[in-house]
Each structure stands twice: as structure tokens, then as C-alpha cells.
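# Observations on the model geometry
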Amino acid sequence: MTGLAAGCQFAPSGAGPGDGDGGGGDGGGDDGPAAIDAGRDGAVTPPFCDRDDLDLRLCVTFDGGAVVDQSGRDLALAATAVAFGPGAVGAAVQLTASSVIHGAETPALDLTTALTLEAFVRVAATPSPRAGLIDNNAQYGMWVGANMRPYCTIGSTTVSGPTIFADRWTHVACVFDGQTFRIFVDGAQFGSVNRTAPAPTGGQDGFNLGQDCTSSGADDPLTGGLDEVRVWASARTPEQLAAAAARRL
Ligand SMILES: [Ca+2]
Ligand SMILES: [Ca+2]
């Protein structure tokens, strides 16, 4: 690939990193369609992108045909060559081999002893050798391999999920609690590995959604759809992950 700038993104003409509109500033108090619902016993379910939850570090629903962080962090995201279509919940982003979604380096995503990554993915073309779903370079990530198995990484620690179907929305979550690193697929735990070392924080290249973020640009693109992406500075519970996976079922 050519035309890449440092920090995992194509360089848009006339706009450097952090110079685009980024879309991050239009929160405006609209948390999207995840309305507050009264659940059983009158409990109030927080909105999907709860701007008041300090552990929610990134939340992208792609609803309204936009790539915008709806968390309280308002992280700027630069999207290149993306389209939108029906998602697992509302709209989703549709990615090709030339698509790039990049966010700048931020300490908000330097998570160490507790983290959760979650998203719906619809793989349209078998990855070769892999597709990046969420990658905070040199720190942690979520991927799908050429064998159509999703997997999660923290540094060199890997935990793998089962083979998933192409062209079907599947919920994947990576969860680390400082002791154990787990992968959940469609709301059920599939694998776990022991890891007690904190996740590394030295990556300086920012992060990508739908590609591998490398120091020399975006790589290992997902061809397909990505939806309802959240990154947390906490280990979400099995019940919370099952609820997130069930939103489209
Ligand atoms: Ca959506
Ligand atoms: Ca970093």
C-alpha cells in the first residue's frame, strides 16, 4: 500500500492527523437510539453509549451513517473510504480493503489491568492472513484469522474463539480483569488464558477500527461490516456481555 502516513491512516490531502473534523464534537447530548428503558423491577438501563460512565472509553454505533465516538471521551475518528448499511443494531459501517478508520494516540485507551473490547462483526471476505477489528497498536486488539476464528490479543497473549460464519453478524468481546483474559462470542465465554501482567501501554500509533494499526499505516483490513463498538476500562460481566450480544437477537 502506498500513500500511508505514520499512525495507521491514509493522509487525507490537506489535513494532517487531528486536523480533520473528526466528527467527535457533535455529541450534543444525543446518545443515539439506545433510549433509557425501564427494565424489570423498574431498573433503569443506561444508554448504550453512556456518556456519564467514566469506564466507557470509546463507543461507536455508526447509526445515522457516521463514524463518531459517542462516549464521554469524544475521541476524534478519521474515516476514509467507508460506507454504511444495515447493521446488527441500526446502521453499521461497511468496510473494504481500502477503508481506514483511525483514532489518534490517546491515554484514554492506555488500559492496563481491566479492559473490555466488544463489537459486532460481519465478515464478507475471508481474511488473509487476518483482519483487524479493534487494534490499539502494540497494546491490545481484536481480530479474525484466516481460519474465520476471532481472537483477542494483549501484547503476545492470545485467546481464540470458535469458527464463525461469513456474512452473519456475530458479537465478539475480549475481557481482561488483571488475572484472566477471556473471549466471548455471541455472549458466551469460549476461551480463557491466564495473564497477570498488566497490558502494555507503550504504543504510540493510536488505534484503528477494521484494520491492523501499524507504525507505517493501516494493514490487515476487514472486508465486511463492523457495528456497536465499545472499549471499556473495566472487565464487563458475563451478564453484561450476553445483554450486549442479545440486542440484535
Ligand atoms: Ca449500529
Ligand atoms: Ca498508546
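Within every chain, residues take consecutive numbers counted from 1 along the sequence as written. Each chain takes a letter, starting from A, and each ligand takes a number, starting from 1, following the order in which they are written. Thresholds applied to this predicted model are a pLDDT of at least 70 for local features of residues and 80 or more for the giving and counting of side-chain atom pairs; totals over whole chains, interfaces and linings are not thresholded and use all residues.

## Focus: the sheet that holds strand 18 (residues 207-209)
Reading across the sheet, the seven strands line up as 6-9-18-11-12-13-14 and stay open at both edges, with antiparallel pairing between neighbours. Here the strands that pair on one side only, and so sit at the sheet edges, are strand 6 (77-80) and strand 14 (157-160). Across the sheet, the axes of successive neighbouring strands diverge by a mean angle of 25°, strand direction being ignored. Paired strands, as defined in this entry, are two strands with at least two bridges between them according to DSSP. Strands are runs of DSSP state E lasting at least 2 residues, helices are runs of H or I lasting at least 4, and numbering of each runs from the N terminus. Pairing between strand 9 (residues 100-103) and strand 18: two bridges, direction antiparallel. Bridging from a neighbouring strand, Gly103 pairs with Phe207 of strand 18. Think of each axis as a best-fit line through the C-alpha atoms, taken over the contacting stretch in the case of a helix, with angles from 0 to 180 degrees between the N-to-C directions.

## As for the nonpolar core
Under the definition applied here, buried Ala, Val, Leu, Ile, Met, Phe, Trp, Tyr and Cys residues are grouped into a nonpolar core through C-beta atoms within 7 Å. Our exposure labels follow a C-beta count within 10 Å of each residue's own C-beta, placed from the backbone: buried means 20 or more other C-beta atoms, exposed means 12 or fewer, and partly exposed covers the counts in between. Of all hydrophobic cores here, the largest spans 66 residues; its most connected members are Val67, Ala119, Leu133, Met142 and Leu226. Among the elements that line this core, the one with the most residues is strand 10 (residues 115-123), at six residues. Aside from chain neighbours lying at most four places away, what touches Leu133 is Ala119, Val121, Met142, Trp143, Val144, Val172, Gly210, Leu222 and Leu226. Contacts are defined on C-beta atoms placed from the backbone: any two residues whose C-beta positions lie within 7 Å are in contact.

## Concerning unusual backbone geometry
Here Ser128 and Pro129 are connected by a cis peptide whose omega angle stands at -5°. With respect to the helices, strands and loops of the structure, Pro129 is situated in the loop between strand 10 and strand 11 (130-136). Even without being glycine, Phe62 reaches a positive phi, approximately 65°. If you trace the backbone, Phe62 turns up in the loop between strand 5 (56-60) and strand 6. Here Met148, not a glycine, exhibits a phi torsion of approximately 65°, which is positive. The partly exposed category is assigned to Met148, around which 17 C-beta atoms lie within 10 Å.

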